[in-house]
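Commentary on secondary and tertiary structure
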Amino acid sequence: MLATENGRQTLAGVSVPDTELVASALAYARRACEPYLFNHVVRSWLFAARLGQLRNAEHDEEVVAVGTLLHDVTLNERFNGPRRFEVEGADLARDFARESGLDERRAQMIWDSVALNSTPSVALYKQAEVALCTAGICLDVVGLQYDAIPTDEVQRIVAAYPRLGMKRLMTKCFCHIARVRPETSYDNFVRDFGERFVSGYRVPSSVDLVKRAPFDD
């Protein structure tokens with residue numbers, strides 16, 4: 001499952017960087033995430049890395065590693081805002097990057113990768129690093145571009161890092177956010193979980209917001 005050589009390591013058949021930064025990000029993710037979520041962020045990283053390789057996409061491999069590994073550090077049932085969990089997590093990931101010695105350009109790409117990871121309609125059209133992070137994450141969560149990686153490779157990654165009931169446990173986290181911080185969910189996918197599963201959840205209409213804007217026309 002793991003082999004290392006010349007600054008590279010092979011995880012579940014995927015060649016990825018073996019650097020101090022990546023090791024630190026892995027350790028951070030392991031501390032911050034429940035086991036199912038840790039496996040999810042590692043799978044997301046490996047999917048993102050493999051997509052980059054298959055597409056011959058020029059990108060910063062360490063940025064992709066950190067962005068994917070830290071993208072869900074605030075996704076848990078302790079979360080209490082005040083902002084969207086992706087934004088809160090993006091700040092923590094950028095702090096980690098800065099404290100690790102990354103320059104501001106790389107740190108900001110990590111922020112974008114985390115903050116936009118659940119907004120593929122935007123993130124897939126940004127820098128290669130941000131796009132790959134989002135692609136790997138969305139492949140693991142909703143199966144987006146599932147056919148882009150050979151099936152046997154996907155199965156090898158999932159076998160090495162099992163899902164451990166991710167759909168059920170992740171749904172609990174999303175419902176928690178919709179329940180305790182509904183105002184952070186109105187313009188994003190958490191809204192769908194609130195509307196389906198959370199009693200009393202109500203969403204303001206964008207139509208009403210436009211109509212009530214304090215202007216004559």
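Here, every reference points to the structure presented above.
Residues numbered from 1 in each chain as written. Predicted model: local features only at pLDDT ≥ 70, side-chain atom pairs only at ≥ 80, totals over all residues. Heavy atoms only, no water.

Here helix α2 (residues 35–54) contains 20 residues, and its C-alpha end-to-end distance of 28 Å stays within 8% of the 28 Å for a straight helix at 1.5 Å per residue. Across the 20 residues that make up α2, a large majority, 17, are buried. (Helix = DSSP H or I, 4+ residues; strand = E, 2+ residues; numbered from the N terminus. Expected span 1.5 Å × (residues − 1). Buried < 20%, exposed > 50% of the residue type's maximum accessible area, 1.4 Å probe, protein only.)

The next thing to look at is the pairing of strand β2 (residues 8–11). Burial along β2 is one-sided: the face carrying Gln 9 and Leu 11 is buried and the face carrying Arg 8 and Thr 10 is not. Strand direction decides the pairing type here: β2 and strand β3 (residues 14–17), joined by four bridges, are antiparallel. Paired with Leu 11 across the strands is Val 14, a residue of β3. Between β2 and β3, which pair antiparallel and follow one another directly, the connecting turn spans two residues, one of which, Ala 12, has a positive phi of 50°. (Pairing = 2+ DSSP bridges.)

Another point: the packing of α2 against helix α3 (residues 61–69). Remark: α2 packs on α3, axes separated minimally by 8 Å, with the N-to-C direction vectors making an angle of 150°. Viewed along their axes, α2 and α3 adopt a mutual orientation that is roughly antiparallel. The interaxial crossing formed by α2 with α3 has right-handed handedness. Contacts between α2 and α3 involve Val 41, Val 42, Ser 44, Trp 45 and Ala 48 from the former and Val 64, Ala 65, Thr 68 and Leu 69 from the latter. For the contact of α2 with α3, a count of residues per class yields seven nonpolar, two polar and no charged. (Axes fitted to C-alpha atoms, helices over the stretch in contact; angles between N-to-C directions. Parallel < 35°, antiparallel > 145°, perpendicular 65-115°, else oblique. Left-handed = near helix turned anticlockwise from the far one by under 90°. Contact = heavy atoms within 4.5 Å. Nonpolar A, V, L, I, M, F, W, Y, C, P; charged D, E, K, R; others polar.)

Right, let's talk about the packing of aromatic side chains for a bit. Here the distance between the centres and the angle between the planes together describe a pair of aromatic rings. Per the counting criterion, the structure on display carries nine aromatic pairs. Considering the side-chain rings of Phe 174 and Phe 193, the 4.8 Å spacing of their centres and the 55° angle between planes classify their relative orientation as tilted. A residue pair is termed long-range when its members are at least 10 positions apart, and Phe 174 in helix α9 (residues 166–180) and Phe 193 in helix α10 (residues 190–197) qualify at 19 residues. Note on accessibility: Phe 174 and Phe 193 belong to one class, buried. Ring centres of Phe 189 and Phe 193 lie 6.3 Å apart, and the angle between their planes is 85°; on these two criteria the pair is classed as edge-to-face. (Phe/Tyr/Trp six-rings, centres within 6.5 Å; stacked < 30°, edge-to-face > 60°.)

Let us now look at unusual backbone geometry. Residue Pro 82 is bonded to the preceding Gly 81 through a cis peptide linkage, with omega at 10°. As for its position among the elements, Pro 82 is in the loop between α3 and α4 (85–99). Here the phi dihedral of Ala 12 falls at roughly 50°; this positive angle occurs in a residue that is not glycine. Structurally, the position occupied by Ala 12 is in the loop between β2 and β3. Of note in the backbone geometry, Asn 56 takes a positive phi value of approximately 55° without being a glycine. Take Asn 56: it is sitting in the loop between α2 and α3. Here Asn 56 falls in the exposed class, since its relative accessible area comes to 70%.

Turning next to the environment of Ala 115. Mapped onto the elements of the fold, Ala 115 is located in helix α5 (residues 104–115). Given a relative accessible area of 8%, Ala 115 falls into the buried group. Distance in space between the C-alpha atoms of Ala 115 and Asp 72 is 9.9 Å, their sequence separation being 43 residues. If near-sequence neighbours (up to four positions away) are discounted, Ala 115 is found in contact with Glu 86 and Ala 90.

Purely geometric stuff here, so don't read any function into it on its own.
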